[in-house]
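Given next are the chains, with one letter for each unit.
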Amino acid sequence: KIFFAYIGFDAVTTAALECKNTQRDLPIGIIGSLTISTILYIAVALIMTGAANYSLLGGAAPISTVAALTGQRWLVILLCIGALAGLSSVILVSLLGQPRIFYAMGTDGLFPRAFAKVHPKFKTPWLPTILSGTVTALLGGFLPVDILGNLTSVGTLFAFLLVHIGVIILRFTRPEIERPFLIPGKFYTWIFFPLTGAITCILLIAVCEPQTLWRLIVWLAIGLIIYGCYGFWHSKIAEVDGDGPDKVIY
């Protein structure tokens, strides 16, 4: 649950193309929002455990529980409205980030070109936005919240794991790539951060419920099928020799 509270900060990176100064604005946005939110999490937790016994805070709405103990009904209503607004904003941020990921995949050839089309008026990837909103609404309307929460957590963990491993591999196999965001440190001190992150992700995935891990495997299989049937053959990252697909060079 602690990890679930931090899901979404990576969505800031999906707006990189819309930053005026990406190298300056993006780190400020990620680190700044992460710092502010962490301070607020700690402050709220201190207030709640000071106002009520921790054993009463295991329900679905612990903040409302604490507010109800004060006997102030207006406070309960105000906090419920704030929680609703907060959840709505999280959904909007997620629906901002996911279409831009699909847009980047469409631009790279991993998805059909239609995903890379920008609306002539709003200048946004309209097709992946509609698709993401529709699928999210259907999943949220028909699947239990606990299943959705577990899938979101383990899926994000697996994505983070791949990113950490990818950073390590690319540092050795493609050292010549320009890296605007480079971890400081001489020699191999940089490897500490992605290696620690990868180990942490593996440990958190290992403690997930077996049903959640099976669902992750199914989703991964679906993704690999899509990649094998379309993305591999249309990827712009691959340089295809004229003799055929067996000459793909990465």
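As a starting point, this report considers the structure included with it. (Residues numbered from 1 in each chain as written. Predicted model: local features only at pLDDT ≥ 70, side-chain atom pairs only at ≥ 80, totals over all residues. Heavy atoms only, no water.)

1. Remarks on the nonpolar core
Under the convention used in this document: The definition of a nonpolar core used throughout is a set of buried Ala, Val, Leu, Ile, Met, Phe, Trp, Tyr and Cys residues joined through side-chain atoms within 4.5 Å. To sort residues, take the accessible area from a 1.4 Å probe on protein chains only and compare it with the maximum for the residue type: under 20% means buried, over 50% means exposed, and anything in between is partly exposed. Helical segments are the DSSP runs of H or I of at least four residues, strand segments are the runs of E of at least two, and each set is numbered from the N terminus. Any two residues having at least one pair of non-hydrogen atoms within 4.5 Å are treated as being in contact.
Counting 7 residues, the largest nonpolar core consists of V154, L157, L161, A198, C201, I205 and L216. Mapped onto this core, the elements with two or more residues apiece are α6 (145-173) and α7 (192-206). Those residues within four positions of L161 in sequence are excluded, and the remaining contacts are A198, C201, I202 and I205.

2. Some words on the pattern of salt bridges
Here is the rule: For this analysis, a salt bridge means a side-chain nitrogen from Lys or Arg found within 4 Å of a carboxyl oxygen belonging to Asp or Glu.
In the structure shown here, the tally under the stated rule is 2 salt bridges. One salt bridge connects D25 with R24, and the closest N-O pair in it is separated by 2.8 Å. Taking the relative accessible area as the measure of exposure, R24 reaches 48% and is therefore partly exposed. Notably, a salt bridge pairs R174 with E176, separated by 2.7 Å at the nearest N-O pair. For R174, a relative accessible area of 36% corresponds to the partly exposed category.

3. Re the environment of L157
Mapped onto the secondary structure, L157 falls in helix α6. Residue classification places L157 among the buried positions, given a relative accessible area of 4%. Through-space distance from the C-alpha of L157 to that of I7 is 9.5 Å; in sequence the pair is 150 residues apart.

4. Considerations on helix α3 (residues 62-69)
The condition is simple: What the arc covers is the set of directions going from the helix axis to the C-beta atoms.
Taken residue by residue, α3 has S64, V66 and A67 as its buried positions. Each buried residue of α3 sits inside an arc of 160° when the element is viewed along its axis, so together they form one side. Contact partners of the buried residues in α3: α2 (22-51) and α4 (73-108). Following α3 by one or two positions, G71 has its phi on the positive side, about 80°.

5. A look at the environment of G223
Note that G223 resides in helix α8 (residues 210-234). Separated by 14 residues in the primary sequence, G223 and I237 place their C-alpha atoms 18 Å from one another.

6. Here we look at unusual backbone geometry
Despite not being glycine, K123 shows a phi value in the positive range, around 60°. You can call K123 exposed: its relative accessible area is 60%.

7. Describing the packing of α6 against α7
This is how it is decided: Orientation is described by axes fitted as lines to C-alpha atoms, over the contacting stretch for helices, and by angles from 0 to 180 degrees between their N-to-C directions. Should an angle lie under 35 degrees it is considered roughly parallel, over 145 roughly antiparallel, and from 65 to 115 roughly perpendicular; all remaining angles are considered oblique. Each crossing gets its handedness from the near helix: less than a right angle anticlockwise from the far helix is left-handed, clockwise is right-handed. In the scheme used here, Gly and all other residues not listed as nonpolar or charged are polar, with Ala, Val, Leu, Ile, Met, Phe, Trp, Tyr, Cys and Pro taken as nonpolar and Asp, Glu, Lys and Arg as charged.
Orientation of α6 relative to α7, taken along the N-to-C sense of each, is 150°, at an axis distance of 9 Å. With respect to their mutual orientation, α6 and α7 come out roughly antiparallel. When the axes of α6 and α7 are compared, the crossing they make is left-handed. Of the residues in α7, those in contact with V154, L157, F158, F160, L161, H164, V167 and I168 of α6 are P194, L195, G197, A198, C201, I202, L204 and I205. Broken down by class, the residue content of the contact of α6 with α7 amounts to 14 nonpolar, 2 polar and no charged.

8. Some remarks on the state of the cysteines
Test applied: When two cysteine sulfur atoms lie within 2.5 Å, the pair is treated as a disulfide.
For the structure shown, the criterion picks out 0 disulfides. Unpaired in terms of disulfides, C201 finds its nearest cysteine sulfur in C208, a separation of 11 Å.

9. Examining the environment of I31
Structurally, I31 can be placed in helix α2. Sequence separation between I31 and F9 is 22 residues, and the spatial gap between their C-alpha atoms is 8.9 Å.

10. Let's talk about the packing of aromatic side chains
Counted only if it meets this: Aromatic contacts are taken between Phe, Tyr and Trp rings whose centres are within 6.5 Å, Trp giving its six-membered ring; a plane angle under 30 degrees counts as stacked, one over 60 as edge-to-face, and the others as tilted.
This structure, assessed with the given rule, holds 7 aromatic pairs. Relative to F111, the ring of F102 has its centre 5.4 Å away and its plane inclined at 40°; by these criteria the two rings are tilted. For the pair formed by F102 and F111, the shared burial category is buried. Seen from their ring centres, F172 and W190 are 5.8 Å apart, and the 50° between their planes marks the pair as tilted.

11. Details of the packing of α6 against α8
For the pair α6 and α8, interaxial distance at closest approach is 10 Å and the crossing angle is 60°. Relative to α8, α6 is oriented oblique. For α6 against α8, the interelement crossing comes out right-handed. Along the contact surface, α6 presents I147, N150, L151, V154, G155 and F158, while α8 presents T212, L213, R215, L216, W219 and L220. Counted by class, the contact of α6 with α8 contains 8 nonpolar, 3 polar and 1 charged residues.

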